[in-house]
Amino acid sequence: MESCTDLSATSAPPALRGAAPRNSRSRVITASLIGTTIEFYDFYVYATAAVLVFPILFFPTGNETTALIASFATFGAAMLARPVGAVFFGHLGDRLGRKTTLVASLLTMGIATFLIGLLPTHENIGVWAAVLLTVLRLAQGFAIGGEWSGAALVATENAPEGKRAWYGTFPQLGAPLGFIIANMLFFAINNALADPGAPGVASEAFLSWGWRVPFLFSAVMVIIGLWVRLKLVESSVFEQAKERGTVKRLPLAEAVKHHWRALILGTFAMLATYVLFYLMTSYTLTFGTRPGLAAAERAAAATGADFDPASYVPGLGYSYNEFILMLVFGVVFFGVFTLVSGPLADRFGRRRTLIWVTAAIALFGFTFVPLLGGTTAAVMFFLALGFTLMGLTFGPMGAFLPEMFPTHVRYTGSAIAYNVSSILGAALAPIVAVWLWGLADGSPVYVGLYLTGAAVLTLVSLILTPETRHVDLAE
């Protein structure tokens, strides 16, 4: 049976040995980086708007809780569309080539994000505003499903010998860059349009037009990305596959039938990465900005609302602006160590590097109580440490997942593994974390253990997966 485990080193075809690079280094790096930067930029812009704007403008149910839930439902809808996009764009990528598919996914994502910034609100068209927002969110998720894998393949299939993992870190660098750009832009706009008489409350100007700016700004990055990607030349690896006649008519069927083991192992190899990522961003922001018990009691007393201390789940009590800046500080470590991880994985191997980092993530889960629940200095150290581990585990995945699959199913296989893992880790992590947080009466102890459990599952997957450093992508 043809299997993902047949990963021994082979020699490159004669036509590829010593051939000059078909795409320049700068073009490869920019083409692979720009799409994932937009992907994560979109995630954070939408996540922020889902809290600050959409419940008010698109889901005015009359109840804050139900409005917020409805808003987050559209946010989560993208997760359901991602595997569909992975299959669709994976099919195109393995049948027609990487370049065409990357242009299509970026254009789809860019148009959807830009149109969100132009949407009329509930006040203008009623319930159709929410319907249109959901449709565009599904379009974003659909496009994202094919974006990462294509970007990773552009980077790795055009990489020089011995530098594939390092090249593979550039699409991964889009995560910290997208976070910093999106959050600092929202931070600047929110503060510039703030109402001095109501600190912490979205101003009328912000709700009227300010929130639209980050969505419309994405068009600038999309235009740059399209310009770079249209200049790409198809990789030699894919061209050789076409010449040999190994391109399959139905890549999905081929991947499921002959490479099911790689699909499963790749999915769980990404699990700890996704859980860590969303705990370090989504959960810590919620936990960090949730008022403490005393502050919540004072706020309830000031408004005359009923308050039950026994059912309240307290947090650290930082303001939104304070904790966003703390997160940006931590994400700098994310970016730096994403780049550091590439040379490490090229020298020591992807599997060995990821096993050591995943073991460290498992131990990191035990630090949630002493660090995340401690002083400001302890919280800052927690964020720096967590995002350092995030960079070290996320970086090598840009090469590791594509290397698990042969050329004719590489786009489809790596896209499915990446996006199914996003459902198991990214979609479930915030929900599970909030439940465990409440279960522990405001302590993050169970949340840390949840991360440790995910890391153990990833360790098992990595142990069962052979090293991929010396795989010849052309074979």
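Please read these numbers as outputs of a predicted model, since none were measured by experiment.

Caption draft 1: Layout of the pattern of salt bridges. Summed over the entire model, instances satisfying the criterion amount to six salt bridges. In this structure, the salt-bridge partner of arginine 137 is aspartate 42, at a minimum N-O distance of 3.4 Å. Note that arginine 137 is positioned in helix H6 (residues 128-157) and aspartate 42 in helix H1 (residues 25-52), a separation of 95 residues in sequence. Across this residue pair, the class does not change: arginine 137 and aspartate 42 are buried. Across the pair arginine 229 and glutamate 147 runs a salt bridge, and its minimum N-O distance is 2.5 Å. Of this pair, arginine 229 sits in helix H10 (residues 212-230) while glutamate 147 is found in helix H6, placing the two residues 82 residues apart along the sequence. As far as burial versus exposure is concerned, arginine 229 and glutamate 147 are alike and both buried. Ionic contacts of the salt-bridge type, sharing partners, join the residues Arg164, Asp346, Arg350 and Glu403 into one network.

Caption draft 2: Inspection of unusual backbone geometry at higher detail. You will see that aspartate 441, though not glycine, has its phi angle at about 55°, which is positive. The topology assignment puts aspartate 441 in the loop between helix H22 (429-439) and helix H23 (445-464). You can call aspartate 441 exposed: its relative accessible area is 64%.

Caption draft 3: Summary view of H23. Under the 1.5 Å per step criterion, the end-to-end length of H23 is 30 Å for 20 residues, consistent within 8% with the ideal 28 Å. For H23, the complete set of buried residues consists of Val447, Gly448, Tyr450, Leu451, Thr452, Ala454, Ala455, Thr458, Leu459, Ser461 and Leu462. At its buried positions, H23 is contacted by helix H13 (260-269), helix H14 (271-289), helix H17 (350-364), helix H18 (368-372), helix H20 (397-403) and H22.

Caption draft 4: Main features of the confidence of the model for the chain. Averaged over all residues, the pLDDT of the chain is 85; the fraction at 70 or higher stands at 92%. Considering only residues more than four positions removed or in separate chains, one finds that residues 1-20, a stretch of pLDDT under 50, has 40 contacts.

Caption draft 5: Spatial organisation of the packing of aromatic side chains. Considering all chains together, one arrives at 32 aromatic pairs under this definition. Between the aromatic rings of phenylalanine 89 and phenylalanine 142, the centroid separation amounts to 5.2 Å while the plane-to-plane angle is 50°, which identifies the pairing as tilted. Of this pair, phenylalanine 89 sits in helix H3 (residues 64-95) while phenylalanine 142 sits in helix H6, and the two are 53 residues apart along the sequence. Phenylalanine 89 gets classed as buried once you look at its relative accessible area, which sits at 2%. Three or more aromatic residues joined by ring pairs make a cluster, and in this case those are Phe40, Tyr44, Trp148, Phe179, Tyr274, Phe277, Tyr278, Phe334, Phe387, Phe394 and Tyr418. The ring of tyrosine 46 has arginine 137 lying over it, and the distance from NZ or CZ to the ring centre is 4.3 Å.

The rules behind each value
- Residues numbered from 1 in each chain as written.
- Predicted model: local features only at pLDDT ≥ 70, side-chain atom pairs only at ≥ 80, totals over all residues.
- Heavy atoms only, no water.
- Salt bridge = Lys/Arg side-chain N within 4 Å of Asp/Glu carboxyl O.
- Helix = DSSP H or I, 4+ residues; strand = E, 2+ residues; numbered from the N terminus.
- Buried < 20%, exposed > 50% of the residue type's maximum accessible area, 1.4 Å probe, protein only.
- Expected span 1.5 Å × (residues − 1).
- Contact = heavy atoms within 4.5 Å.
- pLDDT = per-residue confidence, 0-100.
- Phe/Tyr/Trp six-rings, centres within 6.5 Å; stacked < 30°, edge-to-face > 60°.
- Lys NZ or Arg CZ within 6 Å of the ring centre and 35° of its normal.

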